Amino acid sequence: MTMTQSDRRYHITTFGCQMNKADSERMAGILEEMGFNWSEDPNEADLILYNTCTIRDNAEQKVYSYLGRQAKRKQEHPELTLIVAGCVAQQEGEKLLRRVPELDLVMGPQHANRLEDLLQQVFDGNQVVATEPVHIIEDITKPRRESKVTAWVNVIYGCNERCTYCVVPSVRGVEQSRNREAIRAEMEELGRLGYKEITLLGQNIDAYGRDLPGVTATGRHLHTLTDLLYYVHDVSGVERLRFATSHPRYFTERLIKACYELPKVCEHFHIPFQSGDNELLKAMKRGYTHERYRQIIEKIREYMPDASISADAIVGFPGETEAQFENTLKLVDDIGFDQLNTAAYSPRPGTPAAIWDNQLSEEVKSDRLQRLNHLVSQKAADRSGRYLGRIEEVLVEDVNPKDPTQVMGRTRGNRLTFFKGNIEQLKGQLIKVKVTEVRAFSLTGVPIEKTELVPLF
Ligand code: SAH
Ligand code: SF4
Ligand code: F3S
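- As recorded in an unreviewed UniProt entry, the protein goes by tRNA-2-methylthio-N(6)-dimethylallyladenosine synthase and comes from Aphanothece hegewaldii CCALA 016.
- For the record of the protein, the UniProt heading Sequence similarities (unreviewed entry) holds the text "Belongs to the methylthiotransferase family. MiaB subfamily."
- Listed under Subcellular location (unreviewed entry) in UniProt, the entry text for the protein is "Cytoplasm".

1. Some details on the packing of aromatic side chains
- Under the criterion given, the structure shown has 13 aromatic pairs.
- Consider the rings of Tyr50 and Tyr66, whose centres lie 5.9 Å apart with planes at 85°: the pair is edge-to-face. On the criterion of sequence distance, the pair formed by Tyr50 in strand S3 (residues 47-52) and Tyr66 in helix H2 (residues 57-76) is long-range, its members being 16 residues apart.
- Relative accessible area serves as the criterion here: at 2%, Tyr50 is assigned to the buried category.
- Ring centres of Phe251 and Phe269 lie 6.1 Å apart, and the angle between their planes is 85°; on these two criteria the pair is classed as edge-to-face.

2. Some details on the sheet that holds strand S10 (residues 197-201)
- Read from one edge of the open sheet, 3 strands run S7-S10-S11, paired in parallel fashion. In this open sheet, the two strands that pair with only one neighbour each are strand S7 (150-154) and strand S11 (240-244). Recorded for the sheet is a direction-independent mean angle of 25° between the axes of neighbouring strands.
- Docked against the sheet, helix H1 (residues 18-33) engages S7, S10 and S11, running at close to 95° with respect to S7.

3. Overview of the UniProt feature "binding site: [4Fe-4S] cluster 1" (unreviewed entry) in the protein
- UniProt tags Cys17, Cys53 and Cys87 as "binding site: [4Fe-4S] cluster 1" (unreviewed entry). Spatially, the listed residues are clustered: although they cover 71 residues, their C-alpha atoms lie within 10.5 Å of one another.
- The residues touching Cys53, leaving out its near neighbours within four places in the chain, are Phe15, Gly16, Asn20, Ala59, Glu60, Cys87 and Val88.
- As for its placement among the helices and strands, Cys87 is situated in helix H3 (residues 86-92).
- In this structure, Cys87 is in contact with Asn20, Thr52, Cys53, Thr54, Pro109, Val171 and Arg172, ignoring residues within four places of it in sequence.

4. Let's talk about the domain arrangement of the protein
- If you check the domain split of the protein, you get domain 1 (9-130), domain 2 (150-385) and domain 3 (391-447).
- If you average the C-alpha positions of domain 2 and of domain 3, the two centres end up 26 Å apart.
- Across the contact, 22 residues belong to domain 2 and 18 residues belong to domain 3.
- One can count 2 salt bridges joining domain 2 with domain 3.
- One salt bridge connects Arg240 with Glu393, and the closest N-O pair in it is separated by 3.1 Å.
- The interface formed by domain 2 and domain 3 holds 14 residue pairs in polar contact (both at pLDDT 80 or more) in total.
- Every element with two or more residues in the side of domain 2 that touches domain 3 is listed here: S11 and helix H13 (362-385).

About the criteria used
Residues numbered from 1 in each chain as written. Chains lettered and ligands numbered in written order. Predicted model: local features only at pLDDT ≥ 70, side-chain atom pairs only at ≥ 80, totals over all residues. Heavy atoms only, no water. UniProt positions renumbered as here; feature names shortened; annotations may be inferred. Phe/Tyr/Trp six-rings, centres within 6.5 Å; stacked < 30°, edge-to-face > 60°. Helix = DSSP H or I, 4+ residues; strand = E, 2+ residues; numbered from the N terminus. Buried < 20%, exposed > 50% of the residue type's maximum accessible area, 1.4 Å probe, protein only. Pairing = 2+ DSSP bridges. Axes fitted to C-alpha atoms, helices over the stretch in contact; angles between N-to-C directions. Contact = heavy atoms within 4.5 Å. Domains from an automatic or database assignment. Salt bridge = Lys/Arg side-chain N within 4 Å of Asp/Glu carboxyl O. Polar contact = N/O pair within 3.5 Å; in protein donor to acceptor, adjacent residues only side chain to side chain.

Below is the structure:
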């Protein structure tokens, strides 16, 4: 097989979290470097890659229904290359080949940067499974990024925690931090390309650096997330920095102070708490109490009173009583989250909690999920209320897909904001917007600044 594939087209469908989205952008970059072109329609592609998620059962099942359709197509078009990447690939491995024999390649998330090598083996006539743990090679690929304004930069892969409900450690492997020099170099390149906002990524980003060599005289790791923020905050061109996901167990006052001191770091924190009940937190092996969680949020608000707080929570964890669930409601009521991702507990293969005998019924879980979601939108609407009449800085990302006369972007606190304007002129610009309308999860406003309207892209 030659390396010129210019007439060949690829399609990637991505499920799951930002980690997967970032991996997909790197794999798309590799495919384009190999000469493949993007096809919006999967049915016209010669190569289809599903980058999969298995965090809950419904995420996993979605993949099989997509895959079934393309496996059928392959029976009529044997030249079609079918790939399953990501977390389901890692979890199922060889079993996927038995279930879908039409597959050419099954590759775990640690192998994303090796896509070209693996494809070469496929083109040589092999059916390939790549799920063994590997040291993730430093990014030599140029990602094909979805946005020209905001970008993700991985700083740590994997997770060393052992939350009893969670499949991530077994599918993403052990923590591997990138060197700060490599991170900064990638950010500088993004700054040169005109990117304005960067989100540093890790499943447990507060763990950044604990696998890197070096400790201070007091025994602290030399390269913590806090140190990394000080090291990269002045990259030129980049106006905003974010990071996710934070684990309450490792969230330090030093980190809060750094966010307060560094002007580019946005006042938005995504810190999942999972449950507001101490016994459940213990059963989940989260390593903190709800009191400790509350202290962290208080500390953040001491330094940055207007900070936005978002989180993830699970309802219906095995054994959760009505009273314990109410402790979660209470925490949500007390904190007042700007946004909360909620989910009903889903037993995952190979995780401790999946085989406990105190599982709750689907009815109880969905009833609790509904009650929690109801409270979440109420609280989010309250939180949006504080923006009314205020002037907020919005980084314009795109046109409003529901109204082409409007553009959309985010405030520093991460609220989606719409206002009238021309995307050609505004894309990538930081615009001061007076907020005139608020909804639970978005805002509408009017631009108040005459900016130099220089088209950037
Ligand atoms: N590393 C992050 C989040 C990882 S997964 C953290 O530690 O918080 C994203 C979210 O999916 C989790 O925060 C959790 O709320 C949810 N989740 C993970 N496993 C789940 C399961 N088995 N059932 C339901 N929700 C789950
Ligand atoms: Fe999963 Fe816990 Fe790791 Fe988050 S910290 S990815 S919830 S094991
Ligand atoms: Fe899903 Fe894997 Fe992310 S299981 S949430 S895609 S780490």
